[in-house]
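Tertiary structure, described
As a plain string of letters, each chain reads:
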Amino acid sequence: VKIIATVGELRAACDTARAAGKSVGLVPTMGFLHAGHRSLMGAARADTDFVVVTLFVNPTQFGPNEDLAGYPRDLGRDADVCRAEGVDVLFTPTVDQMYPTGARTTVHVAELTDRLCGASRPGHFDGVTTIVAKLFSIVGANHAFFGKKDAQQLAVVTRMAADLNLPVVVIGCSIVREPDGLALSSRNAYLTATERAAALVLSRSLRAAMASIEAGQRDASFVRDELETAIASESLGQLDYAEIVDGADLQPISRIAGSVLIAVAAQFGRARLIDNVALVVSPTGITADLGVIPAVEATPT
Ligand code: PAF
């Protein structure tokens, strides 16, 4: 893996790859890479010829009281992960490199960003869409890969690319889970053993919601109440939201039908965690993307 720290060098490396007829895949990350990121890299490797992973803890997507300063970082290990995954370029810019003249231009996706995480993290998605637009512009990727754990981020970035006619295909990859159900997140590193055990309530309550729906329940407020009660019963967790929304526009729904996203967020100690299940409910059946549990992880060397 070639480690690049400047925009100019990254642009040149991607230009060279494209000139050689290669398709370019982009995996944007904030580092502290785990098996979820590795699955994005694997998908990029399978779909494209030249894989760029970006590692940038983007300050503009953190609120003033959020965990920017303490966000977990381990560049050496992340480089090993990228090497093991056959990544071509790892881009690790400084804040000055990404925002040399500050940031007066913001990309804002309306409506999709108001609810769910957008309600408790004002400005967060503007930070995300602005940095992702910049990365799309620098890399010129054919395909860009995002995890479905950040379902709202995926919807917002997909909408931004469509609205701005950006020549990139945005691809969502399934949530990767620990064998006990915990969705992988760099922020899991903040959890104590007891908080980690408590955090399992998120995936457990989503599975219970799925079971209700599979048993025929179609009343969204009933299922939402069940989710809220389950999460609120966990004393170490502080519920942010439990919502059942339309899978495309993320607006609340009253009847569970069609493309549906069940999304939850809660704070456990220092870690604000999110999780979700995406399902399609039709008269002929239900399909759900509950995520995947990877086979034993190969050591990243
Ligand atoms: O999902 C993340 O890690 C970040 O929000 C992203 C997409 C890399 C933008 O900073």
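Preceding this paragraph is the structure being described.
My aim in this report is to walk through the structure given alongside it, one point at a time.

Quick notes on the rules
- Residues numbered from 1 in each chain as written.
- Predicted model: local features only at pLDDT ≥ 70, side-chain atom pairs only at ≥ 80, totals over all residues.
- Heavy atoms only, no water.
- Pairing = 2+ DSSP bridges.
- Helix = DSSP H or I, 4+ residues; strand = E, 2+ residues; numbered from the N terminus.
- Axes fitted to C-alpha atoms, helices over the stretch in contact; angles between N-to-C directions.
- Parallel < 35°, antiparallel > 145°, perpendicular 65-115°, else oblique.
- Contact = heavy atoms within 4.5 Å.
- Nonpolar A, V, L, I, M, F, W, Y, C, P; charged D, E, K, R; others polar.
- Buried < 20%, exposed > 50% of the residue type's maximum accessible area, 1.4 Å probe, protein only.
- Core = buried A, V, L, I, M, F, W, Y, C linked by side-chain atoms within 4.5 Å.
- Phe/Tyr/Trp six-rings, centres within 6.5 Å; stacked < 30°, edge-to-face > 60°.
- Salt bridge = Lys/Arg side-chain N within 4 Å of Asp/Glu carboxyl O.

Considering the sheet that holds strand β4 (residues 89-91)
The strand order across the open sheet formed by six strands is β1-β4-β3-β2-β5-β6, and the pairing between neighbours is parallel. In the strand order of this sheet, the two ends are held by β1 (2-4) and β6 (169-173), each with one partner. Within this sheet the neighbouring strands show an average axis-to-axis angle of 25 degrees, counted without direction. Both strand β2 (residues 24-29) and strand β5 (residues 143-147) contribute to a ladder of two bridges, which runs parallel. Paired with G25 across the two strands is H143, which belongs to β5.

Describing the packing of helix α1 (residues 7-19) against helix α6 (residues 124-139)
Each packed pair of helices is defined by two parameters, the angle between the axes and the distance between the axes. At a minimum axis distance of 8 Å, the contact between α1 and α6 shows a crossing angle of 50 degrees. Taken as axis vectors, α1 and α6 run oblique relative to one another. Where α1 abuts α6, its residues V7, L10, R11, C14 and R18 lie against S137, I138 and V139. Residues that form the contact of α1 with α6 fall into these classes: five nonpolar, one polar and two charged.

Concerning unusual backbone geometry
The backbone phi angle of L116 is positive, close to 50 degrees, even though this residue is not glycine. Here L116 falls in the buried class, since its relative accessible area comes to 3%. In this structure, L250 is a non-glycine residue whose phi angle is positive, near 60 degrees. With respect to the helices, strands and loops of the structure, L250 is situated in the loop between β7 (237-246) and β8 (258-268).

Concerning the nonpolar core
Membership of the largest hydrophobic core comes to 48 residues, with the highest contact counts inside it found for L10, V52, M98 and F136. Of the residues forming this core, the biggest block, nine residues, is contributed by α6. If we ignore the near neighbours within four places in the chain, the residues touching F136 are L26, A141, A144, F146, V157, M160, L166, V168 and V170. Formed by 34 residues, the second largest nonpolar core is a distinct cluster that contains M30, L206, V223 and I231.

Things to note about the environment of V87
Note that V87 resides in the loop between α3 (75-84) and β4. Given a relative accessible area of 4%, V87 falls into the buried group. Aside from chain neighbours lying at most four places away, what touches V87 is V1, M41, R45, V51, V53 and C82.

Structural notes on the packing of aromatic side chains
Scanning all chains against the criterion turns up three aromatic pairs. Ring centres 6.4 Å apart and planes at 80 degrees place the aromatic pair F136 and F146 in the edge-to-face group. Here the residue F136 occupies a position in helix α6, and F146 occupies one in strand β5, the gap between them amounting to ten residues. Among the residues examined, F146 registers a relative accessible area of 3% and is labelled buried.

A few points about the sheet that holds strand β10 (residues 285-289)
Overall, antiparallel pairing links the four strands, which are arranged β7-β8-β9-β10 in an open sheet. The open sheet has two free edges, formed respectively by β7 and β10, since each of these has just one partner strand. Pairs of neighbouring strands in the sheet enclose a mean axial angle of 15 degrees, with direction left out of account. With nine bridges connecting them, β7 and β8 associate as antiparallel partners.

Quick word on the pattern of salt bridges
Per the counting criterion, the structure on display carries 13 salt bridges. For E66, the salt bridge is made with R121, and the minimal N-O distance between the two is 2.6 Å. Placement of E66 in the loop between β3 (50-55) and α3 and of R121 in the loop between α5 (117-120) and α6 is noted, with a sequence separation of 55 residues between them. Of the residues examined, E66 reaches a relative accessible area of 27% and is grouped as partly exposed. Judged by relative accessible area, R121 falls into the buried class, the value being 10%.

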